[in-house]
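Here are the chains, one letter per residue:
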Amino acid sequence: MPAKLPAATVRRLEKAARGAAKASYSPYSKFPVGAAILTGSGKIYTGCNVENASYGLTNCAERTAIFSAAALGEREVRAVAVYTPTPVPSSPCGACRQVINEFGPDALVICVCDGPGRIATTLDRLLPAAFGPKNLL
Ligand code: THU
């Protein structure tokens, strides 16, 4: 079970995710997404979607945040907040769920948007029976 986070930490994550979307490079979709993750060290790392003229090479905001943290030595993701510029919240895509699982199988996942709605769930619920490090020989 994921540890419950203090409400103030959740608010900080949500604010950081909204702020991160401002750096989004999304000239093709015009859909700026921001993400913020809380790592095992207690730090918050942010990321945005980074698109490419070869569309399939686009990196989602969640993966940008996780790869940035991993590149600085972080190996545990406790929570992920994602902001989408939509009237209702949307949850991370399948590829991002798999990447979150690598470092945060018990992570909280919080999704916010431009409307009042919000999703607060866990990676385990979004990606049940995940394939992860433990499945390798
Ligand atoms: N996107 C994200 O960054 N995260 C999500 O959770 C959903 C989709 C990005 C990818 C692409 O740049 C744009 O949103 C439209 O799919």
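Each chain has its residues counted from 1, following the order in which its sequence is written. Since the coordinates come from a predicted model, pLDDT governs what is reported: local features require at least 70, and pairs of side-chain atoms require 80 or more to be given and counted, while whole-chain, interface and lining totals use all residues. With hydrogens and water set aside, each side-chain value is computed from the structure's full complement of heavy atoms.

(A) Geometry of the overall build of the chain. Counting from the N terminus, the helices are DSSP H or I runs at least four residues long and the strands are E runs at least two residues long. Check the secondary structure of the chain and you find four helices and five strands. Counted from the first residue to the last, the chain has its helices and strands arranged as α-β-β-α-β-α-β-β-α. Relative to a compact globule of 137 residues, whose C-alpha radius of gyration would be 14 Å, the chain shows 14 Å and is just as compact. The principal-axis extent of the C-alpha atoms belonging to the chain is close to 40 × 35 × 30 Å. With 137 residues in all, the chain has 46% of them scored as buried. Throughout, radius of gyration means the C-alpha value; the globule benchmark is 2.2 Å times the number of residues raised to the power 0.38. Exposure categories follow from relative accessible area, calculated using a 1.4 Å probe and restricted to protein chains: below 20% of the type maximum is buried, above 50% is exposed, and the middle band is partly exposed.

(B) Here's a closer look at the sheet that holds strand 4 (residues 108-112). Here we have five strands laid out as an open sheet, ordered 2-1-3-4-5, and mixed in their pairing. Of all strands in the sheet, those with a lone pairing partner are strand 2 (44-48) and strand 5 (118-122), marking the two edges. Along the sheet, successive strands turn relative to each other by an average axial angle of 15°, direction set aside. The contact criterion used throughout is that any non-hydrogen atoms of two residues lie within 4.5 Å. Fitted lines through C-alpha atoms give the axes, limited to the stretch in contact for helices. The angle between two N-to-C directions lies from 0 to 180 degrees. Lying over the sheet, helix 2 (residues 61-71) contacts strand 1 (34-39), strand 2 and strand 3 (77-83), oriented at roughly 135° with respect to strand 2. Paired strands are those between which DSSP finds at least two bridges.

(C) Layout of the pattern of salt bridges. Here, a salt bridge means any Lys or Arg side-chain nitrogen found within 4 Å of an Asp or Glu carboxyl oxygen. Under the counting rule described, the total for this entry stands at one salt bridge. Of the charged contacts in the structure, one is a salt bridge between Glu14 and Arg118, with a shortest N-O distance of 2.6 Å. Residue Glu14 is found in helix 1 (residues 7-20), and its partner Arg118 is found in strand 5; the two are separated by 104 residues along the sequence. Exposure remark for Glu14: the relative accessible area of 12% places this residue in the buried category. Of the residues examined, Arg118 reaches a relative accessible area of 43% and is grouped as partly exposed.

(D) Structural context of the nonpolar core. In terms of nonpolar packing, the biggest core is built from 20 residues, with Ile37, Ile66, Val77, Val80, Ile100, Val109 and Leu123 touching the most fellow members. Breaking this core down by element, the ones donating at least two residues are strand 1, helix 2, strand 3, helix 3 (94-103), strand 4 and helix 4 (123-126). For this core, the element with the most residues is helix 2, which contributes four residues. Discounting residues that sit within four places of it in the chain, Val80 has contacts with Ala36, Ile37, Glu62, Ile100, Leu108, Val109 and Ile110. The criterion is simple. A nonpolar core is a set of buried Ala, Val, Leu, Ile, Met, Phe, Trp, Tyr and Cys residues joined through side-chain atoms within 4.5 Å. Counting 14 residues, the second largest nonpolar core, distinct from the first, contains Ala21, Leu38, Ala79 and Ile110.

(E) Structural context of the site of the ligand. Near residues are defined by distance, with any heavy atom within 4 Å of the molecule or strand qualifying the residue. In the vicinity of the ligand, the contacting residues are Ser29, Phe31, Val33, Asn49, Glu51, Thr58, Cys60, Ala61, Glu62, Pro92 and Cys93. In the environment of the ligand, an oxygen atom lies 2.9 Å from a nitrogen or oxygen atom belonging to the side chain of Asn49. Here a polar contact means two N or O atoms within 3.5 Å. Within protein one must be a hydrogen donor candidate and the other an acceptor candidate, and residues neighboring in sequence count only if both atoms are side-chain atoms. Within the contact set of the ligand, an oxygen atom lies 2.9 Å away from a backbone nitrogen or oxygen of Ala61. In these tables, accessible area is a Shrake-Rupley quantity obtained with a 1.4 Å probe, and a residue counts as shielded only by the protein chains included in the view. Protein chains shield 78% of the accessible area of the ligand, which is 370 Å² for the free molecule. Considered class by class, the residues forming the shell around the ligand number six nonpolar, three polar and two charged. Note on residue classes: Ala, Val, Leu, Ile, Met, Phe, Trp, Tyr, Cys and Pro are nonpolar, Asp, Glu, Lys and Arg are charged, and everything else, Gly too, is polar.

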